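One letter stands for each residue in the lines below.
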Amino acid sequence: MRTHGWRGDPPKSDDEARRRIIDATARCVDRYGARKTGLTDVAEELGVTRATIYRYYRNIEELIKATSLAAADEFTDRLIAHVAPFTEPADILVEALAFTIERVPVEPHVGLLLATGRTASFGAEMLSPIAIRLTRELLERLSIDWPAHGYDDAELSGLAEFLLRLLHSYIPGPQHRRTAAEDPRPFLRRWLVPAFAATHPRDRVRSAG
C-alpha cells in the first residue's frame, strides 16, 4: 500500500484506507449534497489523488454504495432500539417499517443512493438476494417468535422480500418529498398486519387433516 499523500497520515492497512475513504465521502455528501459529490471532492478531502481512490473503488457509484452499506449496521442497531418498547409482533413490524420509511430518504448515509437520484439501480439492489438476506437477518433480531407465528425459513425470506417491496413503493421520487403528515402507520396497520397474520395455505391443509 502506498504511503504518500493522506495529509501526512497514511493508513496502516487497506481496510483502514477504505474506511477513511468512506468517511470522507460521507463528509462530502454532508457538505455538497450527494448529487454534486464526485471522486475529486473525496480525493481532495483526503489529500490524495483520484488514482488512490480508484485503487479501492471503480467509480463514484460503487463508492456511494459502499458508503451507504457502511451505515447499515448502525441503522439496524437504532431500529432495534426504536422498536424495543413494542411487544406485539404486529406492532413491532409496523413500527420497524414505518421507522425505515421515514428515515431512509433523510439519513445522510443509509439514504445515500436515494439522494443521488440513482433510484433505478437502487431498486434493483433493494430486491437482490443480498438485500433480502440482510433484511431477513434484521427480522431475526426482532423480538418475535417466528416459528410460533408459522414462519419457517422460506416464509421468513418471503416476508423479507415483501417488506422490501413495500419500502420501495414508499421511496419518494425526485419530484416528490414526503411530509411529516404522511404517516405510513395507518396504511401499514390496515394491510401489513393482516398479511403478517395470514395463515399459509399449507398450514390450513395440515389443520384440516
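Enquirer: What should I look at first to understand the environment of I80 in this one?
Expert: When you line up the elements, I80 lands in helix α5 (residues 72-83). The exposure class of I80 is buried, given its relative accessible area of 19%. Spatially, the C-alpha atom of I80 lies 6.8 Å from that of L142, the residues being 62 residues apart in sequence. The contacts of I80, once residues within four sequence positions are left out, are L138, R141 and L142.

Enquirer: Would you explain the pattern of salt bridges in this entry?
Expert: Applying the stated criterion to the full structure yields 15 salt bridges. A salt bridge links R31 to E45, with the shortest nitrogen-to-oxygen separation between them at 2.8 Å. Linking R31 in helix α1 (residues 14-32) with E45 in helix α2 (residues 39-46), this pair joins segments that are 14 residues apart in sequence. Of the charged contacts, one joins R136 and E140 as a salt bridge, the two residues approaching to 3.0 Å between their closest N and O atoms. Taken together, the positions of R136 and E140, both in helix α9 (residues 129-141) and four residues apart, correspond to about one turn of that helix. Judged by its relative accessible area of 43%, E140 falls in the partly exposed class. Through salt bridges that share partners, E95, E102, D183 and R185 make up one connected network.

Enquirer: Looking at this model, I keep getting lost on the packing of aromatic side chains. Mind explaining?
Expert: In this description, an aromatic ring pair is defined by two values, namely the gap between the centres and the angle between the planes. Under the criterion given, the structure shown has five aromatic pairs. Look at W146 and F196: their rings are 6.1 Å apart centre to centre, the planes differ by 85°, and that puts the pair in the edge-to-face class. Placement of W146 in the loop between α9 and α10 (153-170) and of F196 in helix α11 (residues 185-197) is noted, with a sequence separation of 50 residues between them. Look at W146 and you get buried, because its relative accessible area is 5%. With 5.7 Å between their ring centres and 15° between their planes, Y151 and F196 make a pair best called stacked. A residue pair is termed long-range when its members are at least 10 positions apart, and Y151 in the loop between α9 and α10 and F196 in helix α11 qualify at 45 residues. Of the two residues, Y151 and F196, both sit in the buried class. Three or more aromatic residues link up through ring pairs in this structure, and these residues are W146, Y151 and F196. The side chain of R190 reaches across the aromatic face of W191, ending 4.1 Å from its centre.

Enquirer: How should the confidence of the model for the protein be read in this particular structure?
Expert: Detailed reading of the predicted model is not advised wherever pLDDT is low. Chain-level statistics for the protein give a pLDDT mean of 83 and a share of 79% at 70 or above. In this model residues 204-209 is a low-confidence stretch, pLDDT under 50, and it forms one contact with partners more than four residues away in sequence or in other chains.

Enquirer: What is the right way to read α2 from this model?
Expert: Structural remark: α-helix, 3.6 residues per turn; residues separated by three or four positions point the same way. Of the residues making up α2, those classed as buried are L39, V42, A43, E45 and L46. Considered in projection along α2, the buried side chains sweep an arc of 160° and stay on one side of the axis. The inward-facing, buried residues of α2 contact α1, α3 (50-54) and α4 (60-70). Two residues or fewer after α2 comes G47, characterised by a positive phi angle close to 80°.

Enquirer: How do you make sense of the packing of helix α6 (residues 89-103) against α10 when you look at a structure like this?
Expert: When two helices pack together, their arrangement is captured by the angle between the axes and the distance separating the axes. At their nearest, the axes of α6 and α10 sit 10 Å apart, and the two run at 40° to each other. One finds that α6 runs oblique with respect to α10. When the axes of α6 and α10 are compared, the crossing they make is right-handed. Residues L93, L97, T100 and I101 of α6 form the contact with α10, whose participating residues are L159, L163, L166, L167 and Y170. Classifying every residue of the contact of α6 with α10 by side-chain character gives eight nonpolar, one polar and no charged.

Parameters and conventions
- Residues numbered from 1 in each chain as written.
- Predicted model: local features only at pLDDT ≥ 70, side-chain atom pairs only at ≥ 80, totals over all residues.
- Heavy atoms only, no water.
- Helix = DSSP H or I, 4+ residues; strand = E, 2+ residues; numbered from the N terminus.
- Buried < 20%, exposed > 50% of the residue type's maximum accessible area, 1.4 Å probe, protein only.
- Contact = heavy atoms within 4.5 Å.
- Salt bridge = Lys/Arg side-chain N within 4 Å of Asp/Glu carboxyl O.
- Phe/Tyr/Trp six-rings, centres within 6.5 Å; stacked < 30°, edge-to-face > 60°.
- Lys NZ or Arg CZ within 6 Å of the ring centre and 35° of its normal.
- pLDDT = per-residue confidence, 0-100.
- Arc of directions from axis to C-beta.
- Axes fitted to C-alpha atoms, helices over the stretch in contact; angles between N-to-C directions.
- Parallel < 35°, antiparallel > 145°, perpendicular 65-115°, else oblique.
- Left-handed = near helix turned anticlockwise from the far one by under 90°.
- Nonpolar A, V, L, I, M, F, W, Y, C, P; charged D, E, K, R; others polar.

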